[in-house]
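Listed below, chain by chain, are the residues.
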Amino acid sequence: MRRKLAAGNWKMNGLRSSLDELDALAKAHPDPDCDLLICPPATLIAAAVDRCQGGPLRIGGQTCHMNMEGPHTGDISAQMLRDVGATAVILGHSERRADHGESSEDVRTLAQMAQAAGLQTVICVGESQFQREATNTLDIIGAQLSLSIPDSSTGENLVVAYEPIWAIGTGQIPTADQIGEVHDFIRARLEQRFGYGVGKSVRLLYGGSVKADNAQEIFGISNVDGALVGGASLTAKDFSPIIEALEASALPADS
Ligand code: PGA
């Protein structure tokens, strides 16, 4: 059984006062039936780790550099994230791919570094609106998967997030059938590449406009093991009901 995962991506949002939201989340979910991960901006990671010590929330980064150290002004390495207590990092988010020209090959290098530093990697894939309309979504996702995911991946250090670019921050979400088709495809590809055991154990998240009112339906889709949530992860008030929907989906059907 894969343990469900609710991950929050705060993007370039959050000041020190936002750490109160972490206290509120930890208080609302002291012993959750799923894993909880928050990826705040780099400026808050160390303080967030301190705040969350001994509680249910893990803290992660939103990207890292492809070197462990060196002359790279403004960048942060995987070992630096690990050093301050982060346990995971989001890689290859479509905003990084678009704003910083990260290719899938780059993402694979970042993921190798992050996994070598002992971080769990949440690798994002997703098609644009244009690609979806041209009906080659699975080709796009297939290529992103094979190029972005390093051979060093395991069920523990890899999480894959399917995030259609057109659904991010737009309030538009794919149909349940569209999400299911892509998630089943990702699962099959992982099983093919890494073998059935490993492929089966990697968690697959859906991301893009996940909110309290659509979470239950999304979490009922096959091979959806949780969500990567942007806007609705910024406050405990918005994120809590999503966590509750995920916990409910983790219970056996007859309970
Ligand atoms: P959103 O962002 O939930 O605000 O759509 C999701 C993401 O980009 O990870």
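Scroll up to find the structure this text is about.
Residues numbered from 1 in each chain as written. Predicted model: local features only at pLDDT ≥ 70, side-chain atom pairs only at ≥ 80, totals over all residues. Heavy atoms only, no water.

Enquirer: Please clarify how the overall build of the protein should be interpreted in this entry.
Expert: Of regular secondary structure, the protein possesses eleven helices and eight strands. Relative to its length of 255 residues, the protein is compact, with a C-alpha radius of gyration of 17 Å against a globular reference of 18 Å. With the C-alpha coordinates aligned to their principal axes, the bounding extent of the protein is approximately 50 × 45 × 35 Å. Counting across all 255 residues of the protein, residues that qualify as buried make up 50%. When contacts within the protein are restricted to residue pairs at least 6 apart in sequence, those whose partners lie at least 24 apart make up 73%. Counting only carbon and sulfur atoms, one obtains 51% of the accessible surface of the protein, whose full area is about 11,400 Å². Across the protein, the centroid of the 20 positively charged side chains sits 2 Å from that of the 32 negatively charged ones. (Helix = DSSP H or I, 4+ residues; strand = E, 2+ residues; numbered from the N terminus. Rg over C-alpha atoms; globule rule 2.2 N^0.38 Å. Buried < 20%, exposed > 50% of the residue type's maximum accessible area, 1.4 Å probe, protein only. Contact = heavy atoms within 4.5 Å. Areas by Shrake-Rupley, 256 points an atom, 1.4 Å probe, with all protein chains shown as cover. Lys, Arg positive; Asp, Glu negative; His and termini not counted. Charge placed at Lys NZ, Arg CZ, Asp CG, Glu CD.)

Enquirer: Sorry if this is basic, but what is going on with the site of the ligand here?
Expert: Residues in close proximity to the ligand total 13 residues, the closest being K11, H93, E163, G169 and S209. Within the backbone of S209, an N or O atom sits 2.7 Å from an oxygen atom of the ligand. For the ligand, an oxygen atom lies 2.8 Å from a polar atom in the backbone of G230. Burial of the ligand by the protein amounts to 97% of the accessible area it has alone, namely 280 Å². (Near = heavy atom within 4 Å. Polar contact = N/O pair within 3.5 Å; in protein donor to acceptor, adjacent residues only side chain to side chain.)

Enquirer: Mind showing me how you'd approach the environment of Q79 here?
Expert: By secondary structure assignment, the location of Q79 is in helix α3 (residues 78-83). Overall, the relative accessible area of 36% leaves Q79 in the partly exposed class. Along the backbone, Q79 and C64 are 15 residues apart, and their C-alpha atoms lie at a distance of 9.0 Å. Once residues within four sequence positions are removed from consideration, Q79 is found in contact with M68, E69 and A117.

Enquirer: Could you clarify how one ought to interpret the state of the cysteines in this entry?
Expert: Each disulfide consists of a covalent bond between the sulfur atoms of two cysteine residues. A complete count under the given rule lists zero disulfides for this structure. Left without a disulfide partner, C64 is nearest to the cysteine sulfur of C39, which lies 12 Å away. C124 carries a free sulfur, and the closest cysteine sulfur to it, the one in C39, is 9.4 Å from it. The class for C124 is buried, based on a relative accessible area of 2%. (Disulfide = S-S within 2.5 Å.)

Enquirer: Quick question: what am I supposed to make of the sheet that holds strand β8 (residues 226-229) here?
Expert: An order of β1-β2-β3-β4-β5-β6-β7-β8 is seen for the eight strands of this closed barrel, with the pairing classed as parallel. Shown here is a sheet whose adjacent strand axes are inclined to one another by a mean of 25°, direction ignored. Two strands pair when backbone bridges link them, and strand β1 (residues 5-9) and strand β2 (residues 35-39) are joined in this way by five bridges, in the parallel orientation. Bridge pairing in β2 links A7 to L37. Against the sheet, helix α7 (residues 137-148) contacts β5 (120-125) and β6 (158-162), and its axis sits at roughly 150° relative to β5. (Pairing = 2+ DSSP bridges. Axes fitted to C-alpha atoms, helices over the stretch in contact; angles between N-to-C directions.)

Enquirer: Explain the packing of helix α1 (residues 19-28) against helix α11 (residues 236-250) to me, please; I cannot follow it from the model alone.
Expert: Pairs of packed helices are described in terms of their axes, by the angle between the two and the distance that separates them. In contact at an axis separation of 10 Å, α1 and α11 are set at 30° when each is read in the N-to-C sense. Considered as vectors, α1 and α11 are oriented roughly parallel to each other. Both α1 and α11 take part in a crossing whose hand is right-handed. The residues of α11 that touch α1, namely those facing E21, A24, L25 and A28, are A236, F239, S240 and I243. (Parallel < 35°, antiparallel > 145°, perpendicular 65-115°, else oblique. Left-handed = near helix turned anticlockwise from the far one by under 90°.)

Enquirer: Even after reading the chapter, I still don't get the side chain of S240, so can you show me in this structure?
Expert: Mapped onto the secondary structure, S240 falls in helix α11. Residue class for S240 comes out buried when judged on its relative accessible area of 10%. The contact partners of S240, leaving out residues within four places of it in the chain, are L25, A28 and H29.

Enquirer: Where do I start with unusual backbone geometry in this structure?
Expert: It is generally the case that most residues other than glycine have a negative phi and that most peptide bonds are trans. With a phi angle near 55°, K11 is a residue other than glycine that sits in the positive phi range. By the secondary structure assignment, K11 is in the loop between β1 and α1. Exposure remark for K11: the relative accessible area of 21% places this residue in the partly exposed category. One non-glycine residue, S209, adopts positive backbone phi at about 60°. For S209, the location among the structural elements is in the loop between β7 (203-207) and α10 (212-219). Looking at S209, the relative accessible area reads 7%, which means it is buried.

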